[in-house]
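Geometric and topological summary
These are the residues of each chain, in order.
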Amino acid sequence: AEISILFVPAKFFLNAAKDAINSGIKLLVAIPEHVPIRDAMEVIELAKQKDAVMIGPNTPGVIVPGLIKVGIMPASPFSSGKVAVLSKSGTLLYEISNNLTSAGFGQNITIGIGGDPVNGTRMIHAFDMVKDDPELEAMVVVGEIGGDSEEILAQHIIDTGFKKPIVGYIAGRQAPKEKRT
């Protein structure tokens, strides 16, 4: 096996993720939310050392419609096509993919980045994973307020000279006082 998905509660995430990566898993999809930041950082470092990729934590997963689904998302909003969708929000990932599907634009991959404060794959990394796919014709990036990953990605897109159409959507106007901005 090269792909694993974790459904464990957050308090068991660290050991489960370490077991998977140390067993040779190259793509780890981490579903649990509210993973302790220190645990997420430790797994991210281990993944780098072992040449593995972690999506999440707090991700709905990854889907290549018609080929593979590794996650908790329903299959019905997605259809095969040539648009990549990268999203911080699971719900918006489904909704935007469903709207694309209804309009006749299928997806070649959708990646739920994850909503926890520290994620194994940032927007820029997800972009780099899919940008050179010869089947890719366009991309949708769904961000949320808080953090700087959308700005970093925008500059990276400019710096790499990526020429295919990209639609960006940032959800939210302002974060509540108790949330990071």
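Per chain, residues are indexed from 1 in the order of the written sequence. Totals for whole chains, interfaces and linings use all residues, but because this is a predicted model, local features are given only for residues with pLDDT of at least 70 and pairs of side-chain atoms are given and counted only at 80 or more. Excluded from the side-chain calculation are hydrogens and water; included are all heavy atoms of the structure.

1. Structural notes on the sheet that holds strand E3 (residues 53–55)
Strands qualify as paired when DSSP identifies two bridges or more between them. Runs of E in the DSSP output that reach at least two residues are strands. Runs of H or I that reach at least four are helices, and both are numbered from the N terminus. Spatial strand order, E1-E2-E3: three strands in an open sheet with parallel pairing. Taken across any chain shown, the strands that pair with only one partner, and hence form the sheet edges, are strand E1 (3–6) and E3. If you compare each strand with its neighbour and ignore which way they point, the axes differ by 20 degrees on average. Here strand E2 (residues 27–30) runs beside E3; their pairing, made up of three bridges, is parallel. Paired with Val-29 across the bridge in E3 is Ile-55. Only the stretch in contact is used when fitting a helix axis, every axis being a line fitted to C-alpha atoms; angles between N-to-C directions are given from 0 to 180 degrees.

2. Description of the packing of helix H1 (residues 13–22) against helix H2 (residues 37–49)
Viewed as axis vectors pointing N to C, H1 and H2 meet at an angle of 5 degrees, and their least axial separation amounts to 10 Å. As summarised for this structure, H1 and H2 are arranged roughly parallel, according to the angle between their axes. Mapping the contact onto sequence places Phe-13, Leu-14, Ala-17, Lys-18, Ile-21 and Asn-22 in H1 and Asp-39, Ala-40, Glu-42, Val-43, Leu-46 and Ala-47 in H2. Any angle that is under 35 degrees is reported as roughly parallel, and any over 145 degrees as roughly antiparallel; angles of 65 to 115 degrees are reported as roughly perpendicular and all others as oblique. Contacts were defined at the residue level, with two residues in contact if any of their heavy atoms lie within 4.5 Å.

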